[in-house]
Amino acid sequence: MSLTLTVDGDRWRDHLRSVATAEPDLVPVAKGNGYGFGLGRLARRAAWLGVDTIAVGTYEELPEVAGRYDGSLLVLTPWRPFGAAVELEPALARRVVHTISRVEDLGDLLGRQPDARFVLERTTSMLRHGMTARELWSTADVVRAHPKARVAGVALHLPLANGAHLSEVHRLMTEVVATELPLDTVWVSHLSASELAALRTAYPDFTFRPRTGTDLWLGDRSALQVTATVLDVHAVERGDGFGYRHRTAPKAGHVLIVSGGTAHGIGLEAPLGDASLRGRAATLARGGMDAAGFVRSPFSIDGKQRLFAEPPHMQASMLFLPHGARVPAVGDVVDVRVRYTATTFDRVVVD
Amino acid sequence: MTPPTASTPLVVREIGSDEHLDFVRRQRSVSFLQTPAWARVKAEWRHESLGWFAGGELVGAGLVLYRQLPKVKRYLAYLPEGPAIDWDVEDLPPWLRPMAAHLKGRGAFGVRMGPPVVTRRWDTATVKAGIADPAVRRLGDLAPTERSHAGARVVAQLRDLGWRPLAVEGGFAAGQPQFVFQVPLAGRTEEQVLAGMNQLWRRNIKKAAKEGVEVTSYDGVAIDPELKHFHDLYVHTAERDHFTPRPLSYFRTMVEALGAEEPDRIRLYTGRHEGTLVAATIAIRVGAHAWYSYGASSTEKREVRGSNAVQWQMIRDAIAAGADVYDLRGITDTLAEDDPHLGLIQFKVGTGGEAVEYVGEWDLPLNKVLYKAFDVYMSRR
């Protein structure tokens, strides 16, 4: 009676191990909804993989993973002098690697915790968090004033544009070298394997640590299956009313009630970031269907994606199945295509 | 070189060559391409000595060679291996902006310079390991023994300020070499430097002595009678090694101009075996920086190792003169087995020195249209 993620355990673990073996400096990212698996499970998997550091998104996520994994914990959201960052449990503080994106925050952090471990974030073309080159250079003075401070390197968060980052990274690396600190570890996101290889050739005296989420946990989609359960089936004739808004059936068929609704993230699309003309045309087409009362749902029966009979409910959805199609029975499961980073499953089953 | 303060902005103006030379003499190291004498060697170009002043004090200097754009009275202002300013500052604009403004006023459509700033160094052991490793194709594939913060800071700032690095592809760049080979001498004795050389070099030096190769050095007016002999051997070397030799008059001018600046600014070395000239070289020194500049060797009697003998004498003289560095000048950054330049680096590596990367040459376009025209002209030349 639930929205379920079923994982082919052997296949999934094989994939995880192959990624970790190919990339010894891997930093698994366990943040948000845990890519559908949940943070706790990812933390245990990271421990099983034997990595020395995992990355979480926020300070609030630390308690979820800290008990299940005992290595270093890199927090990706930059440290600020307020909120969960300053309310950190002292026992946890020793394991945390902070991200510093403003010079003033570094002085503040080291004032509170003189032996803090941290990475210095340099802004990239993404322009999210981070310091300019000159700000990065000026951190050397702050670090010198705190002899116990532990600099763990530099963080670069690059935009998602596979294969196009090298010249930007080279420019940024020059600025990293220009900093009078032993910044020989560079924590990077979203670099392709060939980009990483090129950087390691150009900077053999540096360690590049890729922070990897999607490509690790969701890299082998064939190991993952998402299903919903058919909870009810009603035959309808053209003109029959149904649903919260009492819509009428456009023609004869069946209304199916399946598990999975807005509470799971069904019908709440995370932006795909498809900026191509084709992608935008598809979005427009979906909007058009919406206006006419037909919206394609992520549920598919016998390989065919079915239409929502009405907008998804909180924990269930109503689908319209036209006359002539095979009608599943109550208790049958149907496939669901989801965005893993935006879906909360009722159950995750790993065989 | 005193850094400027906010209250005394730097002023750039032309200085006399005496004032320029005074400044050079006060520095530990300045490229010989940045001496007033070098302007006389490159007499086909208009030149100017530049001074940077903080208050009334001269804190930096540069030699500018003006290269004219064909048919137009506009120039590329070129400061080879210069200027000699304080490159180790966090803020370069106060140094570079007044220079650019001054040069623009003199008709420059662009500025080219080669800051004498090191970015990376690789010691002998590292370079040797790289040559032995087939996976290593370039120096840059090897972890440097030292990566300079200050060098990286200059590169980052130049880029920020709109300067463009001159592309270096494979072999030698069009201008001054970005990669050179140097033997550090500071704090080392002759014995230590010799012990740092590879076995082949040491054996060859010993062999030359045993064979009775006589090395003689000349400076001042003593060079002139020997220069013709050097040049004959140099032309012979050029034929053998397939490069275009410079005319004797070029060396005459060079010896005269540089020699007039300091008594031992430039020296000629000869190695003779039973009266036959087997090797000859030209060495230059400015302060604590000594260069091996030109070399020639005979094809016959190679077994008496005249080349190693003259090199060793140049190194010993550099040590005796208190030099910090013996500079064998340009190498390419290639370590690939199949590269024709590999022999050159292997010969230099035998001295036990280090491969050194400078920030390279950079251009600042002052007039975009003319600069572009110049760029096109250079690429078609």
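Chain B carries the name Peptidoglycan bridge formation peptidyltransferase VanK-Sc in an unreviewed UniProt entry, which gives Nocardioides conyzicola as its organism. Listed under Sequence similarities (unreviewed entry) in UniProt, the entry text for chain B is "Belongs to the FemABX family."

Chain A goes by Alanine racemase in an unreviewed UniProt entry, where it is assigned to Nocardioides conyzicola. For the record of chain A, the UniProt heading Cofactor (unreviewed entry) holds the text "pyridoxal 5'-phosphate".

Undergrad: Looking at this structure, I do not really get the packing of helix H7 (residues 166-177) of chain A against helix H5 (residues 149-160) of chain B. What am I missing?
TA: With their axes 7 Å apart at the nearest point, H7(A) and H5(B) run at an angle of 135 degrees to one another. Accordingly, the angle class assigned to the pair H7(A) and H5(B) is oblique. Handedness of the crossing formed by H7(A) with H5(B): left-handed. In this structure, H7(A) uses Arg171(A), Thr174(A), Glu175(A) and Val177(A) to contact H5(B), whose residues at the interface are His149(B), Ala152(B), Val155(B), Ala156(B) and Arg159(B).

Undergrad: Just to check I follow, could you spell out the pairing of strand S9 (residues 179-184) of chain B for this structure?
TA: Every regular strand shows the same layout, with side chains that alternate between the two sheet faces. Residue and element names in this part refer to chain B. Within S9, five of the six residues are buried, leaving the element largely enclosed by the surrounding structure. When S9 meets strand S15 (residues 354-358), the two strands line up antiparallel, connected through four bridges. Looking at the pairing, Phe181 lines up with Ala355 of S15. Of the pairings in the sheet, the one linking S9 to strand S14 (residues 325-330) comprises four bridges and is antiparallel in character. Residue pairing for S14: Gln182 is matched across the bridge by Asp327.

Undergrad: What am I meant to see in the pattern of salt bridges here?
TA: Side chains that differ in sign of charge can pair as their charged atoms come close. This structure, assessed with the given rule, holds 36 salt bridges over all chains. One salt bridge in this structure joins Glu354(B) and Arg121(B), with 2.7 Å as the shortest N-O distance. In this pair, Glu354(B) is assigned in strand S15 and Arg121(B) in strand S6 (residues 118-123), connecting sequence segments 233 residues apart. With relative accessibility at 16%, the residue Glu354(B) sits in the buried group. Using a relative accessible area of 22% as the deciding quantity, one classes Arg121(B) as partly exposed. Note that Asp232(B) and Lys228(B) form a salt bridge whose closest N and O atoms lie 2.8 Å from each other. With Asp232(B) and Lys228(B) both in helix H8 (residues 223-241) and four residues apart, the pair spans about one turn of that helix. Several salt bridges share partner residues, and in doing so they unite Arg80(A), Arg102(A), Glu104(A) and Asp105(A) into one network.

Undergrad: Quick question: what am I supposed to make of the sheet that holds strand S13 (residues 289-297) of chain B here?
TA: Where strands meet in a sheet, backbone hydrogen bonds hold them as pairs that are either parallel or antiparallel. Residues and elements named next belong to chain B. The nine strands are arranged S7-S6-S15-S9-S14-S13-S12-S11-S10 in an open sheet whose pairing can be described as mixed. Each having just a single partner strand, strand S7 (146-147) and strand S10 (214-219) make up the two edges of the open sheet. Summarising the sheet, S13 and S14 pair through three bridges and their orientation is parallel. Each residue of the ladder has a partner; that of Trp291, found in S14, is Asp327.

Undergrad: Got a minute to help me understand the environment of Val325(B) in this structure?
TA: Residue and element names in this part refer to chain B. Among the secondary structure elements, Val325 is positioned in strand S14. Taking C-alpha positions, Val325 is 5.0 Å from Leu185, a pair spaced 140 residues apart along the chain. Beyond its immediate stretch of four places on either side in the chain, Val325 contacts Gln182, Val183, Leu185, Ala288, His289 and Ala290.

Undergrad: Please explain the packing of aromatic side chains as it appears in this structure.
TA: Where two aromatic rings form a pair, the distance of their centres and the angle of their planes describe that pair. On inspection of all chains with the given rule, the structure shows 19 aromatic pairs over all chains. Plain terms: the ring middles of Tyr203(A) and Phe208(A) are 6.5 Å apart, the flat faces sit at 65 degrees to each other, and that makes the pair edge-to-face. In this structure, Tyr203(A) and Phe208(A) share a single accessibility class: buried. Three or more aromatic residues link up through ring pairs in this structure, and these residues are Phe230(B), Tyr234(B), Phe243(B), Tyr250(B), Phe251(B) and Tyr294(B). Sitting over the face of the ring of Trp48(A), Arg45(A) holds its NZ or CZ atom 4.9 Å from the ring centroid.

Undergrad: Looking at this structure, how should I read helix H2 (residues 39-49) of chain A?
TA: Residues and elements named next belong to chain A. Restricting attention to buried positions, one finds in H2 the residues Leu39, Gly40, Leu42, Ala43, Arg45, Ala46 and Leu49. Buried positions along H2 lie against helix H1 (9-22), strand S2 (27-28), strand S3 (53-56), helix H3 (62-66) and helix H9 (214-217). Following H2 by one or two positions, Gly50 has its phi on the positive side, about 85 degrees.

Undergrad: Explain the interface of chain A and chain B to me, please; I cannot follow it from the model alone.
TA: Many analyses report the size of an interface as the accessible area lost when the parts associate. At the interface, 16 residues of chain A touch 17 residues of chain B. Approximately 1400 Å² of surface area, both sides summed, lies buried where chain A meets chain B, with 54% of it carried by carbon and sulfur atoms. Summed over the three residues of chain A that lose the most area to chain B, namely Arg134(A), Trp137(A) and Val177(A), the buried surface amounts to 34% of that side. On inspection of chain A and its partner chain B, the count reaches two salt bridges. The tally of links from chain A across to chain B stands at six residue pairs in polar contact (both at pLDDT 80 or more). Mapped onto the side of chain A that touches chain B, the elements with two or more residues apiece are helix H6 (133-144), H7 and helix H8 (193-202) of chain A. Broken down by element, the side of chain A that touches chain B gets its largest block of residues, four residues, from H7(A).

Undergrad: Any chance you could explain helix H3 (residues 93-105) of chain B here in plain terms?
TA: Residues and elements named next belong to chain B. Over its 13 residues, H3 extends 18 Å from the first C-alpha to the last, a length consistent with the 18 Å expected when each residue adds 1.5 Å. Looking at H3, one finds that the buried residues are Pro93, Trp95, Leu96, Met99, Ala100, His102 and Leu103. Downstream of H3 by a residue or two, Gly107 has a phi angle that is positive, lying close to 95 degrees.

Undergrad: Which parts of the structure should I look at to understand the environment of Glu19(B)?
TA: All names here are of chain B. Turning to its location among the elements, Glu19 is positioned in helix H1 (residues 17-26). Take Glu19: its relative accessible area is 32%, and that puts it in the partly exposed class. Along the primary structure Glu19 and Leu58 are separated by 39 residues, whereas in three dimensions their C-alpha atoms are 8.9 Å apart. Once residues within four sequence positions are removed from consideration, Glu19 is found in contact with Phe53 and Leu58.

Undergrad: Help me out: how do you make sense of the confidence of the model for chain B in this one?
TA: Any residue range with low pLDDT should be treated as having predicted coordinates unsuitable for detailed reading. In the predicted model, chain B carries a mean pLDDT of 93, and 96% of its residues have values of at least 70. The ipTM value of the predicted complex is 0.85, and its pTM value is 0.87.

Undergrad: What exactly am I supposed to notice about the sheet that holds strand S1 (residues 10-15) of chain B here?
TA: Residue and element names in this part refer to chain B. Ordered in space as S1-S2-S3-S4-S5-S16-S8, the seven strands form an open sheet in which the pairing is mixed. Both outer strands of the open sheet, S1 and strand S8 (164-165), are each paired with one neighbouring strand and no more. Bridging between strand S4 (residues 75-79) and strand S5 (residues 108-113) involves five bridges; their strand directions are parallel. Along S5, the bridge assignment pairs Ala77 with Val111. The sheet strands contacting helix H12 (residues 368-380) are S4, S5, S8 and strand S16 (362-365), and the helix crosses S5 at an angle near 60 degrees.

Undergrad: I tried to follow the domain arrangement of chain B on my own but got confused; where do I start?
TA: Residues and elements named next belong to chain B. Examined at the domain level, chain B breaks down into domain 1 (11-114 + 361-379) and domain 2 (118-147 + 167-358). Using only C-alpha atoms to locate each centre, domain 1 and domain 2 end up separated by 28 Å. On the domain 2 side, the residues contacting the 20 residues of domain 1 number 21 residues. Between domain 1 and domain 2, roughly 1700 Å² of surface is buried when both sides are summed, and carbon and sulfur atoms account for 56% of that area. Its largest share of buried area at the contact with domain 2, domain 1 owes to Arg28, Phe32 and Val41, together 34% of the area lost on that side. Taken together, domain 1 and domain 2 are joined by three salt bridges. Between Arg329 and Glu81 there is a salt bridge, and its shortest N-O distance comes to 3.4 Å.

Rules and cut-offs
- Residues numbered from 1 in each chain as written.
- Chains lettered and ligands numbered in written order.
- Predicted model: local features only at pLDDT ≥ 70, side-chain atom pairs only at ≥ 80, totals over all residues.
- Heavy atoms only, no water.
- UniProt positions renumbered as here; feature names shortened; annotations may be inferred.
- Axes fitted to C-alpha atoms, helices over the stretch in contact; angles between N-to-C directions.
- Helix = DSSP H or I, 4+ residues; strand = E, 2+ residues; numbered from the N terminus.
- Parallel < 35°, antiparallel > 145°, perpendicular 65-115°, else oblique.
- Left-handed = near helix turned anticlockwise from the far one by under 90°.
- Contact = heavy atoms within 4.5 Å.
- Buried < 20%, exposed > 50% of the residue type's maximum accessible area, 1.4 Å probe, protein only.
- Pairing = 2+ DSSP bridges.
- Salt bridge = Lys/Arg side-chain N within 4 Å of Asp/Glu carboxyl O.
- Phe/Tyr/Trp six-rings, centres within 6.5 Å; stacked < 30°, edge-to-face > 60°.
- Lys NZ or Arg CZ within 6 Å of the ring centre and 35° of its normal.
- Buried area = accessible area lost by both parts, 1.4 Å probe.
- Polar contact = N/O pair within 3.5 Å; in protein donor to acceptor, adjacent residues only side chain to side chain.
- Expected span 1.5 Å × (residues − 1).
- pLDDT = per-residue confidence, 0-100.
- Domains from an automatic or database assignment.

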